[in-house]
Amino acid sequence: GLMYVPLVHMAMRFTTFDEAPVAGRLYRRGTENPILGDSVWTDLTAVELATARAAWTVRRHGGDLRSGALATAGGLVFTAGARGWVQALDARTGKVLWEYYCGALVNAPPITVGVDGAQYVIVVAGGSNYEGGWGSAVLVFGLPEPWRPR
């Protein structure tokens, strides 16, 4: 079996300072600054559990992959990202089979539910205190018959 591991490479320099929290304002108690000259990228890697070796890796430059990964029994892996795209990949190969722009950043992992024999994937697109990209959407996608669990 495979396990799907998202990874974000974003080198940062963190500096803390003493500051009291203020109601209604984002409280970080410090600053985060990218290390200049270092590239930002994300990977989604399928790891073969029996051997602990990578079966495939999909790299995205620019740090797009921010959600977790959702694997379905029908052979799909769903991810979403900081640029607002949700994608369905072939679980065996990592090939992107489908994608949809959600209208806002997606930081939470997609989830799945079954209703009356149909399977749905749900994505919440709402933005981020750190990166903006604000929106307010809950998107529900029905999986066609070939991709439903067998």
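Residues numbered from 1 in each chain as written. Predicted model: local features only at pLDDT ≥ 70, side-chain atom pairs only at ≥ 80, totals over all residues. Heavy atoms only, no water.

A. Spotlight on the nonpolar core. Grouped together as the largest cluster of nonpolar side chains are 15 residues, with contacts concentrated most on Phe78, Val86, Cys102, Val106, Val121, Val123 and Ala125. When contributions to this core are tallied by element, the ones reaching two or more residues are strand 7 (76-80), strand 8 (85-90), strand 11 (118-125) and strand 12 (137-142). Look past the residues within four positions of Phe78 in its chain and what remains in contact with it is Gly68, Ala69, Leu70, Thr72, Gln87, Ala88, Trp98, Pro110, Val121 and Leu143. Formed by 8 residues, the second largest nonpolar core is a distinct cluster that contains Tyr4, Leu65, Val77 and Ala91. (Core = buried A, V, L, I, M, F, W, Y, C linked by side-chain atoms within 4.5 Å. Buried < 20%, exposed > 50% of the residue type's maximum accessible area, 1.4 Å probe, protein only. Helix = DSSP H or I, 4+ residues; strand = E, 2+ residues; numbered from the N terminus. Contact = heavy atoms within 4.5 Å.)

B. Focus on the packing of aromatic side chains. Taken as a whole and assessed by the stated rule, the structure comprises 5 aromatic pairs. Judged by centre distance (5.9 Å) and plane angle (40°), the rings of Tyr4 and Trp56 are tilted. On the criterion of sequence distance, the pair formed by Tyr4 in strand 1 (residues 2-9) and Trp56 in strand 5 (residues 53-61) is long-range, its members being 52 residues apart. With respect to class, Tyr4 is no different from Trp56; both count as buried. Between the aromatic rings of Trp85 and Tyr101, the centroid separation amounts to 5.4 Å while the plane-to-plane angle is 55°, which identifies the pairing as tilted. In this pair, Trp85 sits in strand 8 while Tyr101 sits in strand 9 (residues 96-101), placing the two residues 16 residues apart along the sequence. (Phe/Tyr/Trp six-rings, centres within 6.5 Å; stacked < 30°, edge-to-face > 60°.)

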